[in-house]
Structures are given as C-alpha cells and as structure tokens.
Amino acid sequence: MKIGVLALQGAVAEHIRSIEAAGGEGVAVKRTEELQDLDGLIIPGGESTTIGKLMRKYGFIEAIRAFSEQGKPIFGTCAGLIVLAERIEGQEEAHLRLMDMTVARNAFGRQRESFETDLPVKGIDEPVRAVFIRAPLITEVSPSIDVLSTYNGEIVTARQGHLLASSYHPELTDDYRLHAYFLDMAKEAAAAKE
Ligand code: GLN
C-alpha cells in the first residue's frame with residue numbers, strides 16, 4: 001500500500017517512518033498530482049490554520065475531496081483532525097469538511113498542553129501510546145461516526161467509513177498499530193475497488 005503524507009507543514013517524516021514500520025510505503029505529497037496513485041493519505045499535525053491556508057493555495061481542498069469521493073482512506077492526526085472536521089468551534093470557516101463532527105482546538109488548556117498516555121482504542125487489542133500536543137477534542141459527532149476512543153470521557157479517536165481521525169500524534173512513538181490499522185483500511189478500500 002502506498003500512503004501519502006501531506007507535506008505542506010508539520011510532522012511528515014515521522015508519519016512516513018511509522019507507515020514503513022507498519023509495512024507500507026510512505027511518500028511525502030507536495031503537489032495535487034501526487035495524490036493520483038496513492039492508496040491512502042495522512043494529514044499530519046502542525047498548525048491547522050497554516051495547513052488550511054496552504055491547502056487552499058495549492059488546490060488541495062478540491063483535490064482531497066475528490067480523493068475522498070473515490071473512497072480512498074484519509075487519516076488526520078491532531079491538526080489533521082481539525083482539517084477534516086465539518087465544524088470548528090469559534091471559527092466561521094472549516095477546511096475539508098469531510099467528517100461530520102465538531103472540534104475544539106487547543107482543548108486541554110495550559111496545564112495539559114502536552115502529555116502522553118496509554119489509550120484503549122476500539123479495534124486494537126492493547127492500549128495505544130498517544131502523545132497529545134496542544135491537542136483538539138471532538139465535541140460533537142453525527143451518528144455516522146464511530147467513536148474509537150475517549151480520554152476522560154472526551155472523544156479523541158473517530159472513524160467515519162474510510163476517514164480516521166486522532167487528537168494525538170501516534171507517529172511520535174514506536175507504537176505503529178494505529179498506522180497498521182490505517183493500512184488495513186487502505187487494503188480494504190483497494191480490495192473493494194477490484
Ligand atoms: N493546536 C494546533 C491547531 O490548532 C494543533 C496541534 C498539533 O497538531 N499538535 O491546529
């Protein structure tokens with residue numbers, strides 16, 4: 001499976017490393033043409049406002065929506081989760097608006113700006129090592145969304161069909177199971193096309 005990592009800003013190399021460790025091929029994506037032959041796309045963490053701006057500038061909003069319409073899996077982590085959401089609290093404009101959920105940015109407050117935890121995730125046997133950095137929370141989901149994990153009662157991992165989102169950074173650890181989970185989603189989508 002060939003997985004692209006949107007390389008406009010943020011933690012790109014770490015995602016490529018994790019995808020490769022999980023048995024896939026990871027490539028950095030800087031231009032929309034590079035989406036063509038991918039089996040899946042990761043939108044990394046960073047700063048969602050910056051990523052959103054650059055996505056508009058380089059034509060990625062339309063291109064990624066078209067990619068999603070083909071049923072190809074997309075995985076957003078942290079800022080990438082914000083970019084996928086239909087609604088962002090306190091902001092007029094959202095970005096890709098692909099996942100039917102509302103998110104709150106920087107939702108953990110100053111004391112908990114950055115922390116690590118072991119997080120049980122539905123579909124993965126043992127808890128996943130999760131790094132939260134100025135992380136967002138999912139505050140509202142439509143019935144089409146499957147909640148895969150919560151932290152202190154708040155939603156931090158969600159799936160809507162071929163779309164996956166996590167509030168945290170799974171790529172900053174040596175735990176590749178969420179990337180393996182995403183690779184499985186890509187394999188399923190590719191098999192469904194045949
Ligand atoms: N706080 C960032 C935002 O709102 C996300 C942080 C991250 O990706 N680590 O976009």
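Residues numbered from 1 in each chain as written. Predicted model: local features only at pLDDT ≥ 70, side-chain atom pairs only at ≥ 80, totals over all residues. Heavy atoms only, no water.

## Some thoughts on the UniProt feature "active site" (unreviewed entry) in the protein chain
Cross-referencing UniProt, the feature "active site" (unreviewed entry) maps to Cys78, His169 and Glu171 in the present numbering. These residues run over 94 residues, yet every pair of their C-alpha atoms falls within 10.8 Å of each other. By the secondary structure assignment, Cys78 is in the loop between strand S4 (74-77) and helix H4 (79-84). In this view, Cys78 contacts Gly45, Ile133, Arg134, Ala135, Pro136, Ser166, Ser167, Tyr168 and His169; residues no more than four positions away in its chain are not counted. Relative to the assigned elements, Glu171 resides in the loop between strand S12 (163-166) and helix H5 (177-193). According to the relative accessible area criterion, Glu171 is buried, its value standing at 0%. Setting aside chain neighbours within four positions, we find Glu171 in contact with Ala11, Glu14, His15, Arg17, Ser18, Thr77 and His179. (UniProt positions renumbered as here; feature names shortened; annotations may be inferred. Helix = DSSP H or I, 4+ residues; strand = E, 2+ residues; numbered from the N terminus. Contact = heavy atoms within 4.5 Å. Buried < 20%, exposed > 50% of the residue type's maximum accessible area, 1.4 Å probe, protein only.)

## A short note on the site of the ligand
Neighbouring the ligand are the residues Gly45, Gly46, Glu47, Ser48, Cys78, Ala79, Ile82, Arg105, Asn106, Ile133, Arg134 and His169. Between the ligand and Gly46 there is a distance of 2.9 Å, counted from an oxygen atom to a backbone nitrogen or oxygen. Within the side chain of His169, a nitrogen or oxygen atom sits 2.8 Å from a nitrogen atom of the ligand. Considered on its own, the ligand offers 300 Å² of accessible surface; in the complex 96% of this is hidden by protein. Across the shell around the ligand, the residue classes tally to 4 nonpolar, 5 polar and 3 charged. (Near = heavy atom within 4 Å. Polar contact = N/O pair within 3.5 Å; in protein donor to acceptor, adjacent residues only side chain to side chain. Areas by Shrake-Rupley, 256 points an atom, 1.4 Å probe, with all protein chains shown as cover. Nonpolar A, V, L, I, M, F, W, Y, C, P; charged D, E, K, R; others polar.)

## A word on the pairing of strand S3 (residues 40-43)
Along S3, one buried face is formed by Gly40 and Ile42 and the opposite face, lined by Leu41 and Ile43, is buried too. The pairing of strand S1 (residues 2-6) with S3 spans 3 bridges and is parallel. Looking at S3, one finds that Ile3 is bridged to Gly40. One ladder, built from 3 bridges, connects S3 with S4; its direction is parallel. In the sheet register, Ile42 faces S4, and the bridge partner there is Phe75. (Pairing = 2+ DSSP bridges.)

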